[in-house]
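One-letter residues, chain by chain:
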Amino acid sequence: MNKAIVKLPLAIEEDVHNEFRMHTKLMLTELGKFQSKQDKDGSIRRTLQPISKTICSFLNTDGGRLFLGVNDDKIIKGITMSKNMLYHFFGSLRHMCEKFKPFSPISRIKVSILEVIPMDDKTKVKLKKVDMDKEEVTDFPKLANHSVGGFFCDCFKEINQAATKQYLFIVQVAAPDPNAATVIYQNEEGLAYRRRLASNKCVYLDDLRRMMHERNRLFVDLHDEVRHEIDRFIKFH
Ligand SMILES: [Zn+2]
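Calculation criteria
Residues numbered from 1 in each chain as written. Predicted model: local features only at pLDDT ≥ 70, side-chain atom pairs only at ≥ 80, totals over all residues. Heavy atoms only, no water. Helix = DSSP H or I, 4+ residues; strand = E, 2+ residues; numbered from the N terminus. Buried < 20%, exposed > 50% of the residue type's maximum accessible area, 1.4 Å probe, protein only. Contact = heavy atoms within 4.5 Å. Areas by Shrake-Rupley, 256 points an atom, 1.4 Å probe, with all protein chains shown as cover. Donors = N, O, S within 2.8 Å, 3.2 Å for Na, K, Ca; no water. Tetrahedral: all angles 85-135°; square planar, octahedral: opposite > 155°, others 65-115°. Salt bridge = Lys/Arg side-chain N within 4 Å of Asp/Glu carboxyl O. Core = buried A, V, L, I, M, F, W, Y, C linked by side-chain atoms within 4.5 Å. Expected span 1.5 Å × (residues − 1). Pairing = 2+ DSSP bridges. Phe/Tyr/Trp six-rings, centres within 6.5 Å; stacked < 30°, edge-to-face > 60°. Disulfide = S-S within 2.5 Å.

Looking at an unreviewed UniProt entry, one finds the chain named Schlafen AlbA-2 domain-containing protein and attributed to Caenorhabditis briggsae.

So this is what it looks like as structure tokens:
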């Protein structure tokens, strides 16, 4: 099945396993300075959060799905892109994964791309699966170089210059393997996150390591205990 008609709003809630975003900015460096606000007390607040935070949270908690192109009202709007920009996204994702520690989590991440086709009946939308391997290369000559991880790339100009469509990205992050040693991932900012309800909570690894060290135990072997400590830690902060 490469096509589907979906009823809107989506029957999915933002929760521990699901998140909606209306952008595809993976890393902090891809966000412009204007995407932050100064509060009355002078502190700077980001108005847009990089997706790497949520990917990190899903990796460290129980996996999940990120829907890029769905707004807060659970409506599939899609994100306007040229086909070259789709390639840019995959390049960016690989680049982001390489910045994760302790190693790239790419094998736990799967991305589906669906073209969003509006219907006369606004309570529905048509989705068509995009198979990147089967696309005609002549349709969209790949740029020799994408400037991934930065605020701007030449392909972004195509939004005004080339054919664009609306796309929904579903980024699936697999849950940790319960039989393998626990790995706590840090994103490109060197921060570890855990998913708590529909938000991402920062975990302070140094504190966790100290806690584990005091017990004179091996950090990676304490799957359940580590999780328990993390949960406890988050609750008290
Ligand atoms: Zn690009």
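**Student:** Please set out the overall build of the chain residue by residue, giving values where relevant.
**Tutor:** In terms of regular secondary structure, the chain is built from five helices and eleven strands. Out of the 237 residues belonging to the chain, those deemed buried represent 43%. Long-range pairs, those at least 24 residues apart, make up 74% of the contacts in the chain between residues at least 6 apart in sequence. When the accessible area of the chain is evaluated, it comes to approximately 13600 Å², of which 51% is carbon and sulfur surface.

**Student:** Report on the coordination of the zinc ion, specifying residues and quantitative values.
**Tutor:** In the first shell of the zinc ion, the protein supplies H88 (ND1), H146 (ND1), C153 (SG) and C155 (SG), at 2.1 to 2.3 Å from the metal. Between the four donor atoms coordinating the zinc ion, the angles at the centre fall across 104 to 118°, so the site counts as tetrahedral. Here the donor residues of the zinc ion are spaced in sequence according to H-x57-H-x6-C-x1-C.

**Student:** Before we move on, can you summarise the environment of C155 with the specific residues and values?
**Tutor:** Its location among the elements puts C155 in the loop between β8 (124–129) and α3 (158–161). The spatial distance from the C-alpha of C155 to the C-alpha of N145 is 9.3 Å, given a sequence separation of ten residues.

**Student:** Would you mind going over the pattern of salt bridges in detail, with residue names and values included?
**Tutor:** Evaluated as defined, the whole model comprises six salt bridges. A salt bridge links E115 to K165; the nearest nitrogen and oxygen atoms lie 3.7 Å apart. Taken together, the residues span a long stretch of sequence, with E115 in strand β7 (residues 109–118) and K165 in strand β9 (residues 165–173) at a distance of 50 residues. Taking relative accessible area as the criterion, E115 reaches 12% and is therefore assigned buried. What makes K165 partly exposed here is its relative accessible area of 34%.

**Student:** Can you explain the nonpolar core? Please cite residues and give values.
**Tutor:** Within the largest apolar cluster, 32 residues are counted, with the highest numbers of intra-cluster contacts made by I55 and F169. Those elements that place two or more of their residues in this core are α1 (51–60), β5 (64–68), β6 (79–81), α2 (83–99), β7 and β9. The leading source of residues in this core is α2, at six residues. Ignoring sequence-local partners within four residues, the contact set of I55 consists of L26, L66, L93, M96, F100, I109, V171 and V173. L8, F67, V70 and L168 belong to the second-largest nonpolar core, a separate cluster that totals 14 residues.

**Student:** Help me get a handle on α2, residues and values and all.
**Tutor:** With 17 residues, α2 ought to run about 24 Å at 1.5 Å a step, and its terminal C-alpha atoms sit 25 Å apart, in line with that. Listing the buried residues of α2 in full gives K83, N84, M85, L86, H88, F89, G91, S92, L93, M96 and C97. Looking at the packing, one finds that the buried side of α2 touches α1, β5, β6, β7, α3 and β9.

**Student:** Tell me about the pairing of β7, and please be specific about residues and values.
**Tutor:** Of all ten residues making up β7, seven are buried, and the element is well covered by its neighbours. As paired strands, β7 and β9 are joined by seven bridges and run antiparallel to one another. When the bridges of β9 are listed, E115 appears paired with Y167. Here β7 pairs with β8 via five bridges, running antiparallel.

**Student:** Would you mind going over the packing of aromatic side chains in detail, with residue names and values included?
**Tutor:** Each aromatic ring pair is characterised by the separation of its centres together with the angle its planes make. Across all of its chains, the model carries five aromatic pairs by this definition. With a centroid separation of 5.6 Å and 80° between ring planes, the pair formed by F103 and Y185 is classed as edge-to-face. Here F103, found in the loop between α2 and β7, pairs with Y185, found in the loop between β9 and β10 (192–196); they are 82 residues apart in sequence, far enough to count as distant. The class of F103 is partly exposed, set by a relative accessible area of 45%. By way of ring pairs, the aromatic residues F89, F90 and F169 are connected into one cluster.

**Student:** Tell me what's going on with the state of the cysteines, and back it up with residues and numbers.
**Tutor:** Scanning the entire structure with this criterion turns up zero disulfides. We note that C56 lacks a disulfide partner, and the nearest cysteine sulfur, in C202, lies 8.4 Å from it.

**Student:** Give me the lowdown on the environment of A174, citing residues and values where you can.
**Tutor:** Along the chain, the position of A174 falls in the loop between β9 and β10. Sequence-wise, A174 and G64 are 110 residues apart; in three dimensions their C-alpha atoms are separated by 6.7 Å. Discounting residues that sit within four places of it in the chain, A174 has contacts with G63 and R108.

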